[in-house]
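Read off the chains here:
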Amino acid sequence: MDKNKKIAKNTLFLYLRMFLVMGISLYTSRIVLETLGIVDFGIYNIVGSTVLLFSFLSTSLTIAVQRYLAYALGIGDLNKFRLLFSQAFWVYLILSLFILIIAETVGLSILYNYIDIPEGRFRAAFWTYQYSIFTFIIGIIRLPYNAAILAYEKMSFFAYTGIVEVFLKLLITYLLVILAFDKLISYSVLLLGVSVVISVWYHCYCFKNLNGCKLKFSIDKSVINELAKFSGWSMLSSASSTLTNQGVNILLNNFFGVLINAANGISVQIMNALSQFLVNFQMAFNPQIIKSYANGDYKYLRSLIFRASLISFYLMILIAIPLMTKMDYILSLWLKTVPEYACDFSICIIISFLMESYAGPLWMTVQAVGKIKRYQIIISSLYLLNILGSFVFLYAGYSPLSVFIIRIIISVIVFLARVFLLNFLLKFSVRDYFLKVMLKSYIIFIVLFFISYHIGLHLHGFWGLILFIIISVSISSTFIFCCGFEKTDRDTVIRIILKRVGR
């Protein structure tokens, strides 16, 4: 299959999944917040942050496994793929046991001594933490299967499985309403059950359909050392990212309590939805980036970087502009009770995420090249400035909103660092990237936001919101198509549409 057609097909599968998953997830979030209440929702958010503090250990290894599996398929070495997959599984199993020990010692210490839990809810928080740990560990054991599916580019499986998973979570929300037990504990148990079902399904699919996913009961030290060497530097980046997201949430809890955690939890829900929207697109590009580098096709690789970065930002514009313009009203529709600061946090998250939308193709290319030491040290150090800056401003008495303003500033600095570091590794034109990608896309964003903002001033209520979204997306899509792409890209899109219509 042609490379571009394969990317397009995979993107289509992922977006069909995403729209359904996003819609149902937003609905279930409303029901969960309503059923748990703001206090318990805040507790669940902060307890989840404590568990996720240890996620950097698995995230760094996942990056390495995905890279090496895709690389092995890119050079056509199926034997190496088999060996890598089997060794990765045993490493993940050992890692999960290690995380369990750390979570039950260091994690519990954090929960007991550093988390502000309202009086009378600590028992529920404790058991929520325990069930969350096992949900997290089961997710870790599933990761090598996830990496194999990505390497084989079986995006249709992701689409169908994601739909099944989100419907199971929808079922959870209804069970949560009718169950007579503690709602917070019940929610944690039910999520654990969903994680078990989905993990078994992943295992069965890979075992039956993907060549090379059968386990061998042996340890190859050379392969493990290779994965450890690569993931060691990736761990630095994963740790800094995790500390930024979860550490800041814990800081907010210490200074302002669980009600602010509830507001942050809403902004995180929006960030996750945006992330799904973006990752589903970039996921279709990632295997091609790695395989293009493995095959030495650097010209095509550079075109992928530019194209993926540009389209990623344009996709974010389509969602970000309506959200930023009508955030107050959207939150009031979505949630019966909107936590204080939820609107401001969410807008800041969107602004930050717009800058980070460029990042996926850049860091994936760095992973493909494999020379990640300098990149990880610099990017990780910059990310950690979030923690330092947040603590200084909160300690000085500034509002919780200052944390998110700091995040926006750091996102800009990190993006600039990514571009210059990639230029050092791949020798692509920084000037062309800024002119053809960043400058062009931000001019388009400013123009479209100005137009949409003034249109939104005249449209109110539910049907006004629907009309505004239709008008905003229509104007944005047309403007991006006419002014955001090169003539050759526009001609290609028109030719594909005409071909489809003529069938």
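Residues numbered from 1 in each chain as written. Predicted model: local features only at pLDDT ≥ 70, side-chain atom pairs only at ≥ 80, totals over all residues. Heavy atoms only, no water.

Let us look at the overall build of the protein. Of the regular secondary structure elements, the protein holds 17 helices and zero strands. Out of the 503 residues in the protein, the part that is buried amounts to 53%. Sequence separation of 24 or more characterises 85% of the internal contacts of the protein that already satisfy a separation of 6 or more. For the protein, the accessible surface area stands at approximately 22600 Å², while carbon and sulfur atoms represent 68% of it. (Helix = DSSP H or I, 4+ residues; strand = E, 2+ residues; numbered from the N terminus. Buried < 20%, exposed > 50% of the residue type's maximum accessible area, 1.4 Å probe, protein only. Contact = heavy atoms within 4.5 Å. Areas by Shrake-Rupley, 256 points an atom, 1.4 Å probe, with all protein chains shown as cover.)

Now for the packing of helix α15 (residues 430-456) against helix α16 (residues 461-483). Taken N-terminus to C-terminus, the directions of α15 and α16 make an angle of 155°; their axes are 10 Å apart at the nearest point. The orientation of α15 relative to α16 falls into the category roughly antiparallel. As for how α15 packs across α16, the hand of that crossing is right-handed. When α15 is examined against α16, the residues Lys-440, Ile-444, Val-447, Leu-448, Ile-451, Ser-452, Ile-455 and Gly-456 are found in contact with a partner set consisting of Phe-468, Ile-471, Ser-472, Ile-475, Ser-476, Phe-479, Ile-480 and Cys-483. (Axes fitted to C-alpha atoms, helices over the stretch in contact; angles between N-to-C directions. Parallel < 35°, antiparallel > 145°, perpendicular 65-115°, else oblique. Left-handed = near helix turned anticlockwise from the far one by under 90°.)

Within the largest apolar cluster, 146 residues are counted, with the highest numbers of intra-cluster contacts made by Leu-69, Ile-317, Leu-331 and Tyr-433. Element by element, the count of residues in this core is highest for helix α9 (residues 298-325), at 18 residues. Those residues within four positions of Leu-331 in sequence are excluded, and the remaining contacts are Ile-266, Ile-270, Val-338, Ala-342 and Cys-343. (Core = buried A, V, L, I, M, F, W, Y, C linked by side-chain atoms within 4.5 Å.)

The backbone of Tyr-341 sits at a positive phi, close to 75°, despite the residue not being glycine. Its place among the elements puts Tyr-341 in the loop between α10 (327-334) and α11 (342-356). The exposure class of Tyr-341 is partly exposed, given its relative accessible area of 26%.

Here we take up the pattern of salt bridges. Opposite charge on two side chains permits pairing when their charged atoms draw close. One pass over the structure, following the stated rule, counts three salt bridges. Between Arg-121 and Asp-182 there is a salt bridge, with its nearest N and O atoms 2.9 Å apart. With a gap of 61 residues between them, Arg-121 in the loop between α3 (78-113) and α4 (122-151) and Asp-182 in the loop between α5 (155-178) and α6 (183-209) connect regions that are remote in the sequence. With its nearest N and O atoms 3.7 Å apart, the salt bridge here joins Lys-169 to Glu-165. With Lys-169 and Glu-165 both in helix α5, this residue pair falls four residues apart, about one helical turn. Connected through shared salt-bridge partners, Asp-40, Arg-121 and Asp-182 make up one network. (Salt bridge = Lys/Arg side-chain N within 4 Å of Asp/Glu carboxyl O.)

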